[in-house]
Amino acid sequence: MQTKLDAAKSELLARAVAAAQSDRTCPAHNSLPTGALTAYLRDYYLHTAHEDLVDRDPVDVCGAALSHYRLGLDRPQGSAAVRAHTPTVEEDGWSCGGTVVEVVSHDMPFLVASVTHELSRQGHAIHMVVHPQLAVRRDITGKLLEILDADDCLPSRSSDAGWPADAAVESWMHIEIDRETDATRLRRLEADLRRVLTDVRCVAEDWSKMRASALRIADELAERPPAGMPEQETGDAWELLRWLADDHFIFLGYREYELAEADDDRHEALRSIPGTGLGILRHDPRADADDHPAGAASGRLSAAARANARERKLLVITKADSRATVHRSSYLDYIGVKRFDADGAVIGERRFLGLFSSAAYIESVTRVPVVRRKVHELLAARLSQAARSGMDGFNEALTAECGEERATEPARRYAHAFPDGHRADFSPRTAVTDVRHIESSTTVLVNNTVSSTGTTFLYRMWEETGASGEEIVRAHTAARAIFGLEQIWSDIEALDNQIPASVQTTIRLHSRRLLERATRWLLNNRRQPLDVAATIEIFRDRCNLVRTQLPTLLAGTERDWYEEVLDELTDAGVPAEPAQRVAGFSSAFPALDIVAIADRTGTAPLEIAEVYYDLADRLRITQLRGRIIELPRTDRWQAMARAAIRDELFAAHAALTADVVACGTPGDGPRERFDAWGSRNASPLSRARGTLADIETSGTHDLTSLSVAMRVIHTLVRSGSTRV
């Protein structure tokens, strides 16, 4: 079933087609087959949220897609087409208010993340990402022959009888960034992105080979361990390599090296072995290629480096001094496995570059090869030392090592470290469940934040609130729990293949909007850094109480919106309970303000809620909020201005609610409270209603008129506060 938002997007795209067809000079008439423009725009914007397009001129919507189409007309095999430009109406016939980066590439893992990380690394703020995956046909030279139906992009269709033999899935990326008019900088940006895309292609093509190399080396160590190497060290290396290959490491590069004499016959050099490179190390470096991830082809070793290279140590685990260009812009993790001759002397190294995966970071330290043994040894030594020195045993030692947490399991695990004479006195009260518990939890929380709100969420929250990354993640985590979004997402995932995918996407957009607003409120209205557990305890139950009563609390336009969304969801097959929750998402966010007012005034939350939603209808605040949401946000300043005036309206609405509640007596209904407040503020209320009505009927709802509306609302707040 098509939702109202889908219908609105379809109407916008139809107007975009009409705009293109009305202009006979439009490239669509020369490039696209008859009737293909509608299908192309539908597929191009298939996964783009309606809210990202609604404020745009149809000409700009069509112009962006056709500009990308022209770039994609020619893409030789094994290459990526990249263009960075700042379109203008005068030169291009369309505009987006900023600079556009367009990419056409074979579909591969890590594409979007790698490109957006490179843009962020260079300081470009990202405002919008359109990322269609299109099934296309090209001739042997790379000329575009046909764009197939969007359904043909599904992997399951690739083996169907109807899948053309020469068809392939491509990733087309349209990314809008801050305006840049310097042509030299734009060309440099294109070159940098091509370099990143080349690295992505090398990694994607060699992924299985790099993983196979790790497993092959592990098998070699098991079958032919280096002469004289301790069995435990060889076992650690074997286990680590297999653990890395089990989705704990993102393999980005591999190369083999040999220790040899330098050209002056007096020094040693670590030379890369030609033909052994894979991934980002695929291409053999030149002798002077200092910028190559592998370094120069041959480099002299200092005395210290020579000693390290010759050290009879099987594994080298460290950080490289260069950042990854693929997946995420972090310093590369370096795993080296030394090679030995028959006499046990070091003769070279096999090097892996990559990034530990999220699975590695959330793994318990007691299950990570190499680290596990070192942690056990460290804790055992510390505990034994503590017991012998007469400290308060296990508690102080483990607390000093790892921080205070519950620790019955470590207590039992390391009790053997105490000498016999001290074990009877061993009675731990608090300790740590896992050495890496805090770090692992942090990684999970950050990953959850990005996956549920998008890659630009942290940046936008920082820009709008000035909060640190830790503060944003804390607020985001609390907001998810307060509104029970995990359960909703689980319920919706369980409806896969039972309701249309477009309906699931709409639900996710509703939840994402609620989550962003709640996170922003917690950052702006609660003491930072947030105590997550305490915040959840304060708000969750009472916010849930308000949410369950929304069908009886809402009135007017807000109730109409609730019922419209509810009808769309239930008609699409969404069960009643999750449908009611999602329909109330746009109205549930103020529950945070309602609970805060209840705490300040000592009034029951539902009494506050009755006044809050009654005011929204009486003063037409709901309609004013809708006009603010419709404001354009084609650049970062417009987006920030819209967010600021929207948050300002929510804050003023909450302040008015507190004023009206203060005018009544316990047991009064919202009408009685409003009448009491209105009688004290009759003159400013009358002027405010007149001004707001004039703005509503004027048909002009820009930032200027809405700022006047906000001034009127603030006047009511100040007037009510001085008279109560």
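Numbering of residues starts from 1 in every chain and runs along the sequence as written. Under the rules for a predicted model, residues below a pLDDT of 70 receive no local features and side-chain atom pairs below 80 are neither given nor counted, while totals for whole chains, interfaces and linings still include all residues. Derived side-chain values reflect all non-hydrogen atoms in the structure, with water molecules and hydrogen atoms excluded from consideration.

Draft legend 1. A look at the packing of aromatic side chains. Two aromatic rings from Phe, Tyr or Trp, using only the six-membered ring of Trp, form a pair when their centres are within 6.5 Å; if the ring planes differ by under 30 degrees the pair is stacked, by over 60 it is edge-to-face, and anything between is tilted. All told, the structure shown has 13 aromatic pairs when counted by the stated rule. Judged by centre distance (5.4 Å) and plane angle (75°), the ring pair of Phe249 and Phe356 falls under edge-to-face. A residue pair is termed long-range when its members are at least 10 positions apart, and Phe249 in strand β7 (residues 249–261) and Phe356 in strand β13 (residues 346–356) qualify at 107 residues. Neither Phe249 nor Phe356 differs from the other in exposure class; each is buried. An angle of 85° between the planes, with centres 5.7 Å apart, marks the rings of Trp521 and Phe539 as edge-to-face. On the criterion of sequence distance, the pair formed by Trp521 in helix α19 (residues 501–525) and Phe539 in helix α20 (residues 532–548) is long-range, its members being 18 residues apart. The buried label applies to any residue whose accessible area, calculated with a 1.4 Å probe on protein chains only, is under 20% of its type's maximum; exposed applies above 50%, and partly exposed to all values in between. On the accessibility criterion, Trp521 (8% relative accessible area) is buried. Here a helix means four or more residues in a row that DSSP labels H or I, a strand means two or more in a row labelled E, and each is numbered from the N terminus.

Draft legend 2. Spotlight on the pairing of β13. Of all 11 residues in β13, 10 are buried; the element is thus mostly enclosed. Should DSSP find at least two bridges between two strands, the strands are taken to pair. In this structure, β7 lies alongside β13, joined through 9 bridges in antiparallel fashion. Note on β13: the bridge partner recorded for Tyr254 is Phe352. Here strand β12 (residues 331–340) runs beside β13; their pairing, made up of 8 bridges, is antiparallel. Bridging across to β13, Arg339 finds its partner in Gly348. Count of turn residues in the β12/β13 antiparallel hairpin: 5 residues, of which Gly344 carries a positive phi of about 90°.

Draft legend 3. Looking closely at the nonpolar core. In this structure, Leu592 and Tyr613 are the most contacted members of the largest nonpolar core, which totals 84 residues. Here the element with the most residues in this core is helix α28 (residues 636–663); it accounts for 10 residues. Note on contacts: a residue pair is in contact if any heavy atoms of the two residues lie within 4.5 Å. Filtering out sequence-adjacent residues up to four positions away, Tyr613 remains in contact with Val546, Leu550, Leu553, Leu554, Glu558, Ser587, Pro590 and Ile594. The set of buried Ala, Val, Leu, Ile, Met, Phe, Trp, Tyr and Cys residues whose side-chain atoms join them within 4.5 Å is what this entry labels a nonpolar core.

Draft legend 4. Local environment of the pattern of salt bridges. Salt bridges are defined by distance alone: a side-chain nitrogen of Lys or Arg within 4 Å of a carboxyl oxygen of Asp or Glu. Applying the stated rule across the entire model yields 31 salt bridges. Of the charged contacts in the structure, one is a salt bridge between Glu102 and Arg83, with a shortest N-O distance of 2.8 Å. Here Glu102 is found in strand β2 (residues 99–106), whereas its partner Arg83 is found in strand β1 (residues 81–85), with 19 residues between them in sequence. Residue class for Arg83 comes out partly exposed when judged on its relative accessible area of 25%. The partner of Glu486 in a salt bridge is Arg480, and the shortest N-O contact between them spans 1.9 Å.

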